[in-house]
Every structure is written in structure tokens, then in C-alpha cells.
Amino acid sequence: MKQRDAVRMWYPGVPSAAWLLSVPLLAWLLLWLRKKRQGCNNLSTSEWENKPTSNSDQPGVTAQAELEVRGSLYFTQIYTETLFPSAGFCSRTMAQPPSTDPTKMGAGRSIAVLTSGGDAQGMNAAVRATVRVGIYTGAKVYFVHEGYQGLVDGGDNIRPATWESVSMMLQLGGTVIGSARCQDFRTKEGRTKAACNLVKLGITNLCVIGGDGSLTGADQFRTEWSELLAILLKAGKVTSAEAKASSHLNIVGMVGSIDNDFCGTDMTIGTDSALHRIIEIVDAITTTAQSHQRTFILEVMGRHCGYLACVTALACGADWVFIPEMPPDDGWEEHLCRRLTDQRGRGSRLNIIIVAEGAMDRSGKAITCDNVKKLVSTKLGFDTRTTILGHVQRGGTPSAFDRILASRMGVEAVMALLEATPETPACVVSLSGNMAVRLPLMECVQVTKDVTIAMAEGRFDDAVMLRGKSFENNWNTYKMLAHVHIPEKKVRKLNHLCVHLLSHSGKCILTNVSVNVPGPCQSNINIAILNVGAPCAGMNAAVRSTVRAGLLQGHRMLAVHDSFDGLAHGLIEPIDWSGVAGWTGKGGSNLGTKRALPQDFMDEISLNIAKFNIHALVIIGGFEAFAGGLQMVQARETFEELCIPIVVVPATVSNNVPGSDFSIGADTALNTITMDQTICCGHQERVFIIETMGGHCGYLATMAGLASGADFAYIYEEKFNIHDLELNVEHLVEKMKTTVKRGLILRNEKSNANYTTDFIFNLYSEEGKGVFDCRKNVLGHMQQGGTPSPFDRNFATKMGIKAVLWLTDKLKDCYRHGRVFANSPDSACVLGMKKRSLVFQPLSELKDLTDFDFSFALKNVVLHRHRIPKIQWWLKLRPLLKILAKYKTDLDTTEKTEIEHVIKKRAGVP
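Just so it is clear, the model here is predicted, and its values are computed rather than measured.

(A) Spatial organisation of the sheet that holds strand E6 (residues 295–300). Strand order in the open sheet made by the 4 strands is E7-E8-E6-E9, with parallel pairing throughout. One side of each edge strand has no neighbouring strand; the edge strands of this open sheet are strand E7 (320–322) and strand E9 (384–388). The mean angle between the axes of side-by-side strands here comes to 15°, regardless of whether they run parallel or antiparallel.

In C-alpha cells form, the structure reads like this:
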């Protein structure tokens, strides 16, 4: 090698001549960049943003050239900071928007909260969240007692709210700050008095919790605000300074009504709790009705809205329902009698009829319980009883759903008030699927009025549509399951591919055997249903709707007992319409369920799929259902029999199935946990440590913490150490010095292998000596038991129908040359709720979004599994849990909810 070539070589640790020559140049560049930094830092954000695009001091430099220089500076910044982290280059070459400190958003502002109109369970949870989040933001919060009447009367009716003043109210029904129907507020004189009371206290933000009438009054109050101020100024009741400080009024509404009659929201605060009361009564009546073979007619509330009646009919499997939005057709009396007679003919010992209090016929004549009773007793001779539930539907403890819904709405309401400008229209915080959204208040009120107009004009289809997608889906689901004739059965021949195993040779011989089986005449499709994993409330409701929806589509439905184990051992039998009668309200799994996965007996499963001529599979269960379905998809390369459409319906208390925000059974488990925690409210200076189920998924612990006002919830997804435990103990010690002398700590069962429930109990007991004592409770499998909640019954029913309809369409696409063959990724999906809708997601795609974590396995035995989705929506609610417990934490305000319009829902409606 020549010497000059050797000189050019790069030796590690020995600088080359080129490098040595470049050092002075790089040093000069670094010095120049630092000078630029000083110039950059000397410019304020506003100066930088308002700096002219062209440099007047350098006439030869164009705006484009300066833009290129800025781009070069940005590139040089990145390059220099990468190579020289200590160079200290200006980190703000272009202005960045200042971050909002949520604890100072409400500084110098005042918020008033009132409840108006009819009371509803969950109103207290909304008040509590509004008060505490308002205080968290630095705002001053006021209670307005006795609704609008208190706003008009003023004085002691408008009082400052404190953190402690909303303690111990989460579990209470009704509204502790009172509600009244105020006639004075309907007059301008009354509204003028209300405005004066607010101005004197400097209140410019009003949160109203009530129905459409209360919210309409709030919007009118806001619209007249400037006029009311002028009247007060002229009368000398307020000063110019006071009027200027209160120049505009912000209004945000939350709908609190058990009727769920406000258009624009899927659920109003109180509706779910009312459904709990109704279903409890219906379940109790069912037992006595069955004993005496009686027909029961129940009237539920709702005024001119049939939501409660419709969902109740779905949740209890009622034989008939009357709702005002869709009166029965002429001649309904004969149809009703025929329906009841048919049910008795199929072996049913009772009939249940639900009547909404505003029910009417097509001519507008009211339909009452007494009318229906007289009809059934006279024409059929059935022993008939009526029950009018009345105001019991408004009473009692709010459900977990209502507590969480109200808390989330309270947070969103405060944010909407503090982000509002004088140009922002009054909005209402609503629920759309799984999301809190803001809607223009008066648009929602207008659509609600349009429903009444549509019913008065006989446009009943429009009335149902205007109620919203949730109402429309409920009505269509009920019609599908109840108001149809079951397809007639007939004997038909099926060619079964039977498999005979020759024991002496170990070979399989496939033969076609024709057998006579009962089945609907419309199709030759066989769909099998099985439950997999731990049992949970709502599984039976999902099976019932799946079976009946399949029969209505003309399919033959097969029940698989004992999960994949039963599928492998041939525990398969046909199931008909009456075979699932009464399953909606039953807990557990009537089909039987196990945790075994199919990988150990895939041969037997494929043989039985061929033997029973199964064309599609519905797997209802938890994470094992997801994992088992995924294993079957992966085994398609080996077993052609597995190339059939597969749908997984999530059903587990853990709510850990990828692809769905909610699982069947989770709501029932949450209510079980929440109701158990009511015992904590009656003890002073005592801390309860509660262990919840969920595996490694902290959903139950977190959401139960929100629903019960827990001081903390330990979960696997949010790591904690001994220092965190110490801080939590100190927090409780400080809390005991206030008027609130009770504590509640939740721990997910697998949140930490070392910090067990016993460890946390012993730690709190030791550190709390002399201040508080401790009790612990491991709830265990009671969270998996009990009758399903109304939400789980309704959710499971819809999921089952959706699964069957999807399979029916998929089978049409996969049917080729007289056989079904499905091996594409989208032929095996998880059906789940994502934000606002039910969606199907391929199992293979969800695999990458799942934390299986089979990190430690020995001889094919998995010793450590997380079994949770990598992204879980409810983790965003963790800061809310801490804020409501008075922890100093950050609230994410970067994602701002924009106001959405609802008038578009009226498209096509005359």
C-alpha cells in the first residue's frame, strides 16, 4: 500500500488531517449559532409571531429567502443538537403555543351549578364532579339550592361549595341540593331577579342539570342576558363595574332525566338506574307469574318517550310492548291475543306486557294497563294482573353506569364553561357511544320538539328516527326478536361428512352420510355457538339473541356445551326458539364454559366441524375466546375444515378482550363491586381495602373507584412502589383531619406480585395507628355471578344479533361451488364497541395490539401472562379518579371537544 493512501486511511482514535482542519470551522459555526440563539431568545413569542415576513433592514432578502434561512436554521438545530447535546441551541426557532395549566384555567372565575325539574339518580355524581373539578381548576364554585327557584330567590339558596361539601353524596339518589319546578323563572321579572343574584356574586358560568324544559329555560336566560343587565343598570340594582365584569353568561347543560327523552344523547343521567329498578321488579314478578301461569301488564314511566319501555322489553324478553313513538297497527288486539296464545302453546307459563305511560293507538287514543287487561281477560280468559311502577323508578341508589357517566359529564361541563367565549353557543354535554361530546343545546331541543310534532302528525317512522340511532336500534332489535313469525320447520336431508377412524391402521376414511334433521326451510347453513373462558352475567342473553336471530335468518343453530372441549368431544346439539326461552335474565352460562384452548385438540375439533357440517362459529367469551379463535385461524393452514367464518363476542368481567371498549358482563361486575362498597359509608375513621378481579387488567378497579369515590386504585398498568404507597397513606391521614373520615382503597388482583392485598392492608394498618383502622375484603367470584344488569342484557342482545347478521353476509361471500371456504383475515373477527359504533376487527390484526407476554414458559406451561390490550381507553380516566380524590395531578386538556351539530339527523325528514 502506498504511503499517501495510508495517510488517508481512518484509524480509530487517530484524527485525520481533514478532521483537524474542520475543527476551527465547526467551532466558528457553533459560536455563530450561539449568537443566533441569543437573538432568538431576546424575541418574545408575540414579537416572533408578529415579525415581518421580509427583512426591512436587508432589502435584498426576500420573504422566500428568509423562509429558507429559517428552514436551514431548523435543520442546523436538529443536526447540532444530535451531535452536540451540550451546545445549548435555541429550542424555539418558531413560536410554540404556551401549554395550559389546568389548575389555573378557572382562576378568578365563578361557576354555579343547579339541578332543575324532575330528579334522577346520578345527579349528585354530576354535582360532585362539577364542584371538585371546578375547584381543581382554581374557580370558585357555588351551589344553587332548589333549582331555578333558588336562583330567583337568592340569599342562602346560593352558597359557596367546598371540597368536603360534596363528600358522601355519590351513592345517594335524587339531588341533595334540591330541585323545584319554578313558575317565577318563566317570567322576565323572575329572570331579572336571577340575573341580579348572579351579578352580585360575580357568577358568569352556569351549569344546569335537568331535562329539556330546564335547559330551554337556561338558553333563554343566556339569550336575554344583555337585556337583563340593561334593566338592572337602569334600575340601579347593579353598578357599571359589576355589569362590565358580568358582560356575558356561559351556559352548559347536562341532561338529568330517567325518561331518556332528550335527543342528541344515547343515555341521560338516571336512565340506567331507572332500568335497574324496573328490571328488579320485572324479575320478581316473573317468578310469581310463572307459578300461577299469569299474564302481567306493567306500566313504566317515560312521559311521551318509550325508551324505558322498549329497553325493558328487550331486557326481560317481553311478549309485547307499547310505546308512543310507534303505536301498534290497526287490529293490534287480534295480533296481541294470537301472540300470547302462541307463547303459551310453546310451553311458556307466563306472559309479560310492557306499557309506556304515554302509549297510544294510531288514532291518538291512550292505551292503558286496564285496557290491555280487559282485552286479555275477556278474549283469552288468562289470569291477568297489572302493576304500575310509578316513582319507585326514580328512587334508590344510582347504578355504576350513571355514577361514571355523570362524573365524566361533570368534567366535560366544567371544561366547556372555561373554554367558552361570548360567541360560543350554549351547549349540552352528551354521550355518543363511549364518548362525551358537546352539542348545541337548542339544536337538541328543536329535534326533541320535532319528535312530538312527528307523533302528532302520524309520522311515526320519523319519530323513531329522530329519537336517535340508539333508540332506533333498540326498537328494530325488539321487532326482530318478538314481532315476527318463526320460520316453519320441516325435515330435510343433510349430507354430513362423517369421519371414521380405523384403530388398527390409524387412517381416516371420509364418507358422506345422508341424515334427516329438523331445520328451517330457508337455508342449509349450520352455525355453532359456544361459551369460552370464565362465566359472566350476560352470556346467556347473547346466546339467546344469537340463536333466535339465526333461526330468523333461516339457519340451523347448534349449541356446543363445555367450550372448545365440547367442540372436540362432540357435545353438540341443535337448539331451537323455545330452547333459549327465559335465558335473558339468567346469570352464568347455561351452555357450560371452560378455559381450555383448542390447540391441544385441533384434530378432534376439525373432525367434528366436518362431522356436524358446521359452516360458521360464534365464540362468546373472554380472553380465552380471543386466543382460541386466533389459534383456529393460525391452524387453517393445516386444517381446511377451520376455513369457516368465525366471530368472537367479548364476554368477561375483566374487560380485557382486544378490539372492544366494553365486554358483556363488565357492567354487572361493576355494579356488584359498587354496591358492596356502600358499607364503607357508615363508618368513621376507617379505611377499607377492596380487592377486585380482572387479572392484569385494571378496568374494574379503576371504574369501580370512579363509581364509588375511592381514594386510590392500584392497577398493573400504572406501576407503583413503596414511595407511592407511603404518599397514599399520608394522603389518607390528612383526609382524616377533615370532616370526611372514611377511606376506600381498591386493588386489582394482579396489580403487583409483591404488594399484595395483605401487604397493603398491613401497611395501612400500621401507618394509620391512632388515626384510622383498616378492614379488607376480597370480593372473589361474586363479581362473576348474579343476574345480568340491564346494560349487559341489552348489550349482549345487540351483539348476538349483529354477529349473526355479519356471519350471514360473510357466508354469502365465502360460498363457492357448493361449499364454504373462508381463509382471508377478515373472515375471523372480534365484534366490539369502539367509541361510537360496533365494529368487526380481524383477529390477526388484533394480535399485534395485544400484550400476551408469554415471557416465561416451561414445558409448554405458561407461568406468566398479562393478557391485556396494549392500548386501553379507560386509562385516560385515571387522572379524573385522582383529581376527584384531591390528588395533585395533571389533567390532559390538549384534546378539546368541539361542538357537533345534530340537525343533520333530520335529513330526509319533512
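(B) Fine view of the sheet that holds strand E1 (residues 110–115). The sheet built from 7 strands is open, its strands ordered E3-E2-E1-E4-E5-E10-E11 with mixed pairing. Pairing within the sheet leaves two strands with one partner each, and these edge strands are strand E3 (158–160) and strand E11 (435–440). The average undirected angle you get between the axes of adjacent strands in this sheet is 25°. Sheet topology note: the strand E10 (residues 427–432)/E11 ladder contains 6 bridges and is antiparallel. Each residue of the ladder has a partner; that of Leu431, found in E11, is Ala436.

(C) Expanded view of the environment of Met833. When you line up the elements, Met833 lands in strand E25 (residues 828–834). Sequence-wise, Met833 and Asp661 are 172 residues apart; in three dimensions their C-alpha atoms are separated by 5.5 Å. The residues contacting Met833, other than those within four sequence positions of it, are Ser660, Asp661, Phe662, Phe795 and Leu838.

(D) Spotlight on the nonpolar core. If you look at the biggest cluster of nonpolar residues, it comprises 155 residues, and the most contacted ones within it are Met254, Ile354, Ile620, Tyr699 and Met703. Sort the elements by how many residues they give to this core and helix H15 (residues 400–419) lands first, with 13 residues. Ignoring anything within four residues of it in the chain, the contact list for Tyr699 reads Ser654, Asn655, Phe662, Ala666, Leu670, Ala704, Trp873 and Trp874.

(E) Highlighting the environment of Val657. Mapped onto the elements of the fold, Val657 is located in the loop between strand E18 (646–650) and helix H23 (666–676). With a relative accessible area of 1%, Val657 lands in the buried category. Along the sequence, Val657 and Cys697 sit 40 residues apart, while their C-alpha atoms lie 9.8 Å from each other. Excluding residues within four positions of it along the chain, Val657 makes contact with Gly621, Gly622, Phe623, Phe626, Pro650, Thr652, Ser663, Val830 and Pro869.

(F) Representation of the pattern of salt bridges within the structure. In this structure the tally under the stated criterion is 34 salt bridges. Across the salt bridge formed by Asp283 and Arg793, the nearest N and O atoms sit 2.7 Å from each other. Of this pair, Asp283 sits in helix H11 (residues 271–292) while Arg793 sits in helix H27 (residues 790–814), and the two are 510 residues apart along the sequence. Classification of Asp283 by relative accessible area gives partly exposed; the value is 25%. One salt bridge in this structure joins Glu718 and Arg878, with 2.9 Å as the shortest N-O distance. Taken together, the positions of Glu718 in the loop between strand E20 (712–714) and helix H25 (722–735) and Arg878 in helix H29 (residues 878–884) put the pair 160 residues apart, joining distant regions of the chain. Given the relative accessible area of 2%, Arg878 is considered buried. When salt bridges that share partners are traced, they join Asp212, Asp259, Asp261 and Arg303 into one network.

Analysis parameters
Residues numbered from 1 in each chain as written. Predicted model: local features only at pLDDT ≥ 70, side-chain atom pairs only at ≥ 80, totals over all residues. Heavy atoms only, no water. Pairing = 2+ DSSP bridges. Helix = DSSP H or I, 4+ residues; strand = E, 2+ residues; numbered from the N terminus. Axes fitted to C-alpha atoms, helices over the stretch in contact; angles between N-to-C directions. Contact = heavy atoms within 4.5 Å. Core = buried A, V, L, I, M, F, W, Y, C linked by side-chain atoms within 4.5 Å. Buried < 20%, exposed > 50% of the residue type's maximum accessible area, 1.4 Å probe, protein only. Salt bridge = Lys/Arg side-chain N within 4 Å of Asp/Glu carboxyl O.

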